[in-house]
Amino acid sequence: MNKGIFAIPIHDQDESFENILNEVIELVVNSEKFGLNEAFFGEHITDRHERITSSLMMVSALSKLTSKIKLGTLTTNLNFYNPAVVASAIAMADNLTEGRLILGIGCGANGSDLEAINLLESENHKLMLESYEIINQLLKSESFVDIKSENYKVSTAKTNNEELGLGFFNRLYKNREDLEIIMPALNKNSYNVQLCAKNNWSIVISNFCSNDLVDNHINNYLKYSNLEKKEALKKIKLSRLIYVNESNNNADKLVFSKDSPFMKVTEILFKKLKTFNKHHCFGENINTPIEAAKNTILYGSPDKIKNDLEILKQKYGDISSIIYVSVPKTKKKEFDNSLELFSKYV
């Protein structure tokens, strides 16, 4: 099982934007040093808690500061852009990373983001898929293009000039055709899971999900996939808040304490989801942040976490990756060492 990091990131509203971005860069550079295989970045354009506004820009920023770790977007909201613009950005990011890009696609989870770009009342999932089809054609195009769909038109038919090199789109690194596409899985019987399974795309199960929802997502992916079970499981990633302590003795007291960054992250996420009546993903009859945390956070010594993951393996088989969800730095060793312990000893 591969191991990865998900930099959402979630901070207090008054934290410096510059400091947050620098912390994410340091986090991913260290994650590669620790031996992690993948790093993912969230994307919200109008969120004071979750401040990465372009996951593709974050990938590009880290492209030359890392050399091995794959860099993924969770997600690039395709409906936010003209397909020509985002296709160009994807090609550039993939070439900067020399083929290490993983493309997460989405349509925007925050209503305030959608309102800001006048998409609040739009069929955004439909627009996302429509845009993806055009982007896929552009990334494989060798000549000028003339593409029209219900909501988009991308054409260089009138102004292309082969001698001058005008009207042509850049392609992925070394013209590769194995770009991994991934989508998040949150709600029960998620349409994203069905869509990904049918297209042989990957899913990442949200860290908000209770064990019952994890079970639902994995079983539905296997149900709708035409791949053999072993191959289908390689398309499934599970994200989790994971607190690794040197021993089990006081791990529970630390992770659920008032000073815990794991509790701070859970409290912010729970408040957001409860405001929009979406908090039931943490589990049935979960009504407080502490209940949500106790139902979803993995915590304990490296051996305890390894045992938790072995139980998962015994139940489902070998999934692709376990993704460690980042928390803010605290300058407290008992919390800030968690990622390194996870990376090296789990």
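You'll find the structure just up there.
**Brief notes about the overall build of the protein**
Scanning the protein from N- to C-terminus turns up 14 helices and 13 strands. Relative to its length of 346 residues, the protein is compact, with a C-alpha radius of gyration of 20 Å against a globular reference of 20 Å. Principal-axis analysis of the C-alpha atoms places the extent of the protein at approximately 70 × 40 × 40 Å. For the protein, the proportion of its 346 residues judged to be buried stands at 53%. Put simply, of all contacts in the protein between residues at least 6 apart along the chain, 72% involve residues at least 24 apart. A total of about 16900 Å² of accessible surface is found on the protein, and carbon and sulfur atoms cover 46% of it. Charged side chains in the protein number 42 positive and 44 negative. The centres of these two groups are separated by 3 Å.

**A few points about the packing of helix H10 (residues 261–275) against helix H11 (residues 289–296)**
Two numbers describe how H10 lies on H11: the axes approach to 9 Å, and their chain directions differ by 115 degrees. Viewed along their axes, H10 and H11 form a crossing whose handedness is right-handed. When H10 is examined against H11, the residues Met263, Thr266, Glu267 and Phe270 are found in contact with a partner set consisting of Pro289, Ile290, Ala292 and Ala293. Per-class residue counts for the contact of H10 with H11 are six nonpolar, one polar and one charged.

**Considering the pairing of strand E13 (residues 321–325)**
Walk down a regular strand and you will see the side chains alternate between the two sheet faces. Across the five residues of E13, five count as buried, placing the element largely inside the fold. Of the two faces of E13, both are covered, the one formed by Ser321, Ile323 and Val325 as well as the one formed by Ile322 and Tyr324. Sheet topology note: the strand E1 (residues 2–7)/E13 ladder contains five bridges and is parallel. Following the sheet pairing, Gly4 is matched in E13 by Ile323.

**Some thoughts on the layout of surface pockets**
For the largest pocket, the calculated volume is near 1400 Å³. What lines the largest pocket is a set of 45 residues, and nearest its centre among them are His44, Ala109, Asn110, Leu186 and Phe208. Sorting the residues of the lining of the largest pocket by element identifies strand E5 (101–106), helix H4 (111–116), strand E8 (180–185), helix H6 (191–199), strand E9 (202–205) and H10 as the ones contributing at least two each. At six residues, H10 tops the list of elements feeding residues into the lining of the largest pocket. Looking at the lining of the largest pocket residue by residue, the class counts come to 18 nonpolar, 20 polar and seven charged.

**So, the packing of aromatic side chains**
Pairs of aromatic rings are described using the distance from one ring centre to the other and the angle between the two planes. Taken as a whole and judged by the stated rule, the model has eight aromatic pairs. Measuring from centroid to centroid gives 6.5 Å for Phe80 and Tyr81, while their planes differ by 45 degrees, and the two rings are tilted. Residue classification places Tyr81 among the partly exposed positions, given a relative accessible area of 27%. With a centroid separation of 5.7 Å and an interplanar angle of 45 degrees, the aromatic rings of Phe270 and Phe282 are classed as tilted. One end of the pair, Phe270, is in helix H10; the other, Phe282, is in the loop between H10 and H11, with 12 residues separating them in the sequence. Both residues of the pair, Phe270 and Phe282, count as buried. Pairwise contacts between aromatic rings join Phe208, Phe270 and Phe282 into one cluster. Its end group placed over the ring of Phe256, Lys294 keeps NZ or CZ at 5.6 Å from the ring centre. Across from the ring centre of Tyr299, 5.4 Å away, lies the NZ or CZ of Lys304, which sits over that ring.

**A closer look at the state of the cysteines**
Scanning the model with the defined rule gives zero disulfides in all. As a non-bridged cysteine, Cys107 has Cys196 as the owner of its nearest cysteine sulfur, 12 Å distant. Cys209 takes part in no disulfide bond, and the closest cysteine sulfur to it belongs to Cys281, at a distance of 6.1 Å. A relative accessible area of 0% places Cys209 in the buried class.

**Points about the pattern of salt bridges**
Summed over the entire model, instances satisfying the criterion amount to 17 salt bridges. A salt bridge links Asp215 to Lys315, with the nearest nitrogen and oxygen atoms 3.5 Å apart. One end of the pair, Asp215, is in helix H7 (residues 211–224); the other, Lys315, is in helix H12 (residues 302–316), with 100 residues separating them in the sequence. Owing to a relative accessible area of 54%, Lys315 belongs among the exposed residues under this scheme. Across the pair Asp259 and Lys332 runs a salt bridge, and its minimum N-O distance is 3.6 Å. Of this pair, Asp259 sits in the loop between helix H9 (251–255) and H10 while Lys332 sits in the loop between E13 and helix H13 (333–336), and the two are 73 residues apart along the sequence. On the basis of relative accessible area, Asp259 is assigned to the partly exposed category, the value being 44%.

Here is what the cut-offs are and how they apply
Residues numbered from 1 in each chain as written. Predicted model: local features only at pLDDT ≥ 70, side-chain atom pairs only at ≥ 80, totals over all residues. Heavy atoms only, no water. Helix = DSSP H or I, 4+ residues; strand = E, 2+ residues; numbered from the N terminus. Rg over C-alpha atoms; globule rule 2.2 N^0.38 Å. Buried < 20%, exposed > 50% of the residue type's maximum accessible area, 1.4 Å probe, protein only. Contact = heavy atoms within 4.5 Å. Areas by Shrake-Rupley, 256 points an atom, 1.4 Å probe, with all protein chains shown as cover. Lys, Arg positive; Asp, Glu negative; His and termini not counted. Charge placed at Lys NZ, Arg CZ, Asp CG, Glu CD. Axes fitted to C-alpha atoms, helices over the stretch in contact; angles between N-to-C directions. Left-handed = near helix turned anticlockwise from the far one by under 90°. Nonpolar A, V, L, I, M, F, W, Y, C, P; charged D, E, K, R; others polar. Pairing = 2+ DSSP bridges. 1 Å grid on protein atoms, 1.4 Å probe; cavity = no way out; pocket = protein on both sides within 12 Å on 5 of 7 lines; lining within 4 Å. Points joined across faces, edges and corners; volume = space filled by probe spheres on them. Phe/Tyr/Trp six-rings, centres within 6.5 Å; stacked < 30°, edge-to-face > 60°. Lys NZ or Arg CZ within 6 Å of the ring centre and 35° of its normal. Disulfide = S-S within 2.5 Å. Salt bridge = Lys/Arg side-chain N within 4 Å of Asp/Glu carboxyl O.

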